[in-house]
Amino acid sequence: MQAKNSSIRVLPEEIVARIAAGEVVERPASVVKELVENAIDAGASEIRVECVEGGKRLIRVTDNGSGIRSAEVALAFAHHATSKLRTTDDLAEIRTLGFRGEALASIAAVAQVTCLTRHVEETSGTLLRLEHGRIAHESRTGRAPGTTMTVEHLFANVPARLKFLKATQTERGHIDAMITRYALAYPHIRFALLHDGRLTFQSSGNGSVRDVLVEVYGAEMAAQMAAVEGEHEGIRVWGFAALPPLDHANRSRITLFVNGRPVQDTKLSHAVIQAYHTLLPPGRYPIAVIMVQVPPSEVDVNVHPAKAEVRFRDPDAVFGTVQRAVRKALIAQMQPVPIAIQAPPLSRGESAQEPTPATPVAPSRFAPLASQPTLTGSAAWERIGIPKQVQRPPEQTSAPAAAQPETAALPALRVLGQLAQTYILAEGPEGLYLIDQHAAHERILWERLMAQRELGAVASQALLDPAVVTLPPDAARLLEAHVPLLSDLGFEIEPFGNNTFLVRRVPAIMIQDDISAAMREIVADLESGESLLRRDLEARVLRRVCKRMAIKAGRVLSYAEMQALVRDLEACESPRTCPHGRPTMIHLGLAQLEKAFGRLG
Ligand code: ADP
Ligand code: MG
């Protein structure tokens, strides 16, 4: 690899600086980030960001913060020069966004920088100009207290970097995302963003995150976001989370701040995604802005040159608090799935969960089910042994102030009948509800099982004769490894040698199931979920149980059965989606019906 006559040399300082700069300054948006953070650290209440050609040609950040003392302006551009950190102890208690003293030096190494600043306690300001990191001009000048940093011709002296800069539109997009994030995290600061001389974003600085949300996403989207709030052992969480069906195709709209610092933390995003569990369809992701505040000693921010990653002392506590706070906000405000009436609304197949078999499924499956109380609602739960009061977690007390046409709870519904042996038609004060019987029953079973799991283990029942299950060797090993997990879910499984198992107990609701078939499905779920957290795996198994045991489409239901099912659905915490995130119901509002029938206007 090495050239023949190469010898080891210490690199010239200028090259070292350029290499180091590469870690901090990747693109125009990184310059904007560093300059904005400096302005925030300086206590600014107004920050104005101007860009030309997506920041490639010019970036100017003006603030009304404390300013820099004349005697220290040049020093601010030296490497490792900072006013924010004095001792190593300070490093454990960082309360400012900056602390490395690297940003200005790095930026100056790869661009032309002009700094115009005046410290609040001084009567005149300083104008300093640097070219390729060297001071080219310094003079005294007047201005109001505050700082203006102008960065021009980024990477002009680093052709390799210059080549990797993207189209103006792309770089501009990164800057927009950066500024809107800070505007959300710092609602007390008035931000203005200008591209090529035109104002493209502005926040009022009035302190309301909700107002910034409107400025960032528009009123319509902002109205579909629920306020998040939570606190647990010194960890504070707040922000906003979009209510399904408002969602996004990837994770890019999950914005996270830790102690006022934007972070990319896969596990923290995962906590947010988890909170939407079963509320979003597979492959869709939340939109959320979540701020986390932890004592500075609980988080290490010094793990990444651009400070985009952090490390928590107790990550599980943080993730748990985030997940619960988001979940609580969603549950409190979930709205029914709206339907647009264009086609005849009752056409089949539009919302079918799964193809309805032409003939009801084999009678052998249904005969015992029909004689079981599984379908008669509450009676079934009592059989499982859960008193009604604990069926719903007691969390959903706070209803954030946002405008909401309907709350999460279902109104009392009157069953009208069954459609296509698949949907229950019900009437409520707000119109017609078409309930998917399978999806609804899945939701009901799911919440019951989850409530039991939360209290300890899922209620289980012994099989009269243990089921003998033989699996392929791989699957057998997998099942063996998960015996303890399954035992918390109500299964008692005894390895019997030769890839064979005796299943002695199962979750009570499964007592009539084909246990061999069920175990094979469950093992398949374990297989594809090897890298999942235990909690996720458990949820997956329970979802499988619910799916197997929920009444199928194509099953004729008696009026009493439908009534019981609807009552139980009304009692659910999230009645409007099944555990897989698909809707359990379609709601046709009276206004929609009147419009469809041409009764209005
Ligand atoms: P850091 O922010 O990590 O301290 P920087 O290189 O970003 O390092 O800035 C160096 C120093 O310059 C800061 O510590 C601060 O004292 C000063 N400074 C930079 N920008 C501003 C600003 N906009 N207002 C006031 N002081 C600033
Ligand atoms: Mg800084």
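Keep in mind the model is a prediction, meaning the values are calculated, not measured. Residue positions are counted from 1 within each chain, in the order its sequence is given. Here the convention is simple: chains get letters from A, ligands get numbers from 1, in the order in which they are written. Residues qualify for local features only when their pLDDT is at least 70, as the model is predicted, and side-chain atom pairs are given and counted only at 80 or more; totals for whole chains, interfaces and linings, by contrast, use all residues. Side-chain metrics rest on all non-hydrogen atoms present in the structure, leaving aside hydrogens and water.

Student: How should the site of ligand 1 be read in this particular structure?
Tutor: Near ligand 1 you find 19 residues, and of these Asn-38, Thr-82, Ser-83, Lys-84 and Gly-101 are the closest. Separating an oxygen atom of ligand 1 from a side-chain N or O atom of Thr-82 is a distance of 2.5 Å. Nitrogen and oxygen atoms within 3.5 Å of one another constitute a polar contact, given that in protein one can donate a hydrogen and the other can accept it, and given that sequence-neighbouring residues count only through two side-chain atoms. Measuring from an oxygen atom of ligand 1, one finds a backbone N or O atom of Gly-101 at 2.8 Å. Three classes are used: nonpolar for Ala, Val, Leu, Ile, Met, Phe, Trp, Tyr, Cys and Pro, charged for Asp, Glu, Lys and Arg, and polar for all others, with Gly counted as polar. A breakdown of the residues in the shell around ligand 1 according to their chemical character gives 7 nonpolar, 8 polar and 4 charged. One heavy atom within 4 Å of a molecule or strand makes the whole residue count as near it.

Student: So what exactly am I meant to see when it comes to the packing of aromatic side chains here?
Tutor: Two aromatic rings, taken as a pair, are described by how far apart their centres are and by the angle between their planes. Between 30 and 60 degrees the pair is tilted, below 30 it is stacked and above 60 it is edge-to-face, where a pair is any two Phe, Tyr or Trp rings, Trp via its six-membered ring, whose centres lie within 6.5 Å. Applying the stated criterion to the full structure yields 3 aromatic pairs. Arranged with centres 6.2 Å apart and planes meeting at 90°, the rings of Phe-312 and Phe-319 form a pair that is edge-to-face. For every residue, the accessible area (1.4 Å probe, protein chains only) is compared with the maximum for its type, and the residue is labelled buried under 20%, exposed over 50%, or partly exposed between those bounds. Since its relative accessible area comes to 11%, Phe-319 is described here as buried. Taken together, the ring pairs connect Tyr-182, Tyr-186 and Phe-257 into an aromatic cluster. Definition used: whenever NZ (Lys) or CZ (Arg) falls within 6 Å of the ring centre and also within 35 degrees of the ring normal, the charge is taken to sit over that ring. Lying across the ring of Trp-238, Arg-236 places its NZ or CZ 4.2 Å from the centre.

Student: What am I meant to see in the sheet that holds strand β20 (residues 492-495) here?
Tutor: Backbone hydrogen bonds hold the strands of a sheet together, and the pairing may be parallel or antiparallel. Should DSSP find at least two bridges between two strands, the strands are regarded as paired. To qualify as a helix, a DSSP run of H or I must reach at least 4 residues; to qualify as a strand, a run of E must reach at least 2; elements of each kind are numbered from the N terminus. Pairing is antiparallel in the open sheet, where 3 strands are placed in the order β19-β21-β20. If you trace the sheet from one side to the other, it starts and ends with β19 (460-470) and β20, each paired once. Here the average twist between neighbouring strands, direction ignored, is 15°. Only heavy atoms enter the contact rule, under which two residues are in contact if any of them lie within 4.5 Å. Note on geometry: axes are lines fitted to C-alpha atoms, helical ones only across the stretch in contact, with angles between N-to-C directions running from 0 to 180 degrees. Against the sheet, helix α17 (residues 515-528) makes contact with β19, β20 and β21 (500-507), and its axis sits at roughly 75° relative to β19, the strand it touches most.

Student: How should I be thinking about the pairing of strand β5 (residues 134-141) in this particular structure?
Tutor: The side chains of a regular strand alternate between both faces of the sheet. In this sheet, β5 lies alongside strand β4 (residues 125-131) in antiparallel orientation, the contact comprising 7 bridges. Residue pairing for β5: Thr-126 is matched across the bridge by Arg-140. Here β4 folds back onto β5 in antiparallel fashion, the turn holding 2 residues, of which His-132 has a positive phi close to 50°.

Student: Could you clarify how one ought to interpret the confidence of the model for the chain in this entry?
Tutor: Predicted coordinates in areas of low pLDDT are best not read in detail. pLDDT runs from 0 to 100 and stands for how confident the predictor is about each residue. Per-residue pLDDT for the chain averages 83, and the proportion of residues at 70 or more is 83%. Below pLDDT 50 for its whole length, residues 336-407 participates in 121 contacts with residues either more than four positions away or in separate chains.

Student: Help me out: how do you make sense of the sheet that holds strand β22 (residues 585-589) in this one?
Tutor: One open sheet holds the 4 strands; their spatial order is β16-β17-β18-β22, and the pairing between them is antiparallel. Looking at the sheet topology across the chains shown, the edges are occupied by β16 (414-419) and β22. Put simply, the sheet's adjacent strands are angled 20° from each other on average, direction ignored. Where β16 lies against strand β17 (residues 423-428), 5 bridges are found, and the strand directions are antiparallel. If you follow Leu-419 over to β17, its bridge partner there is Tyr-423.

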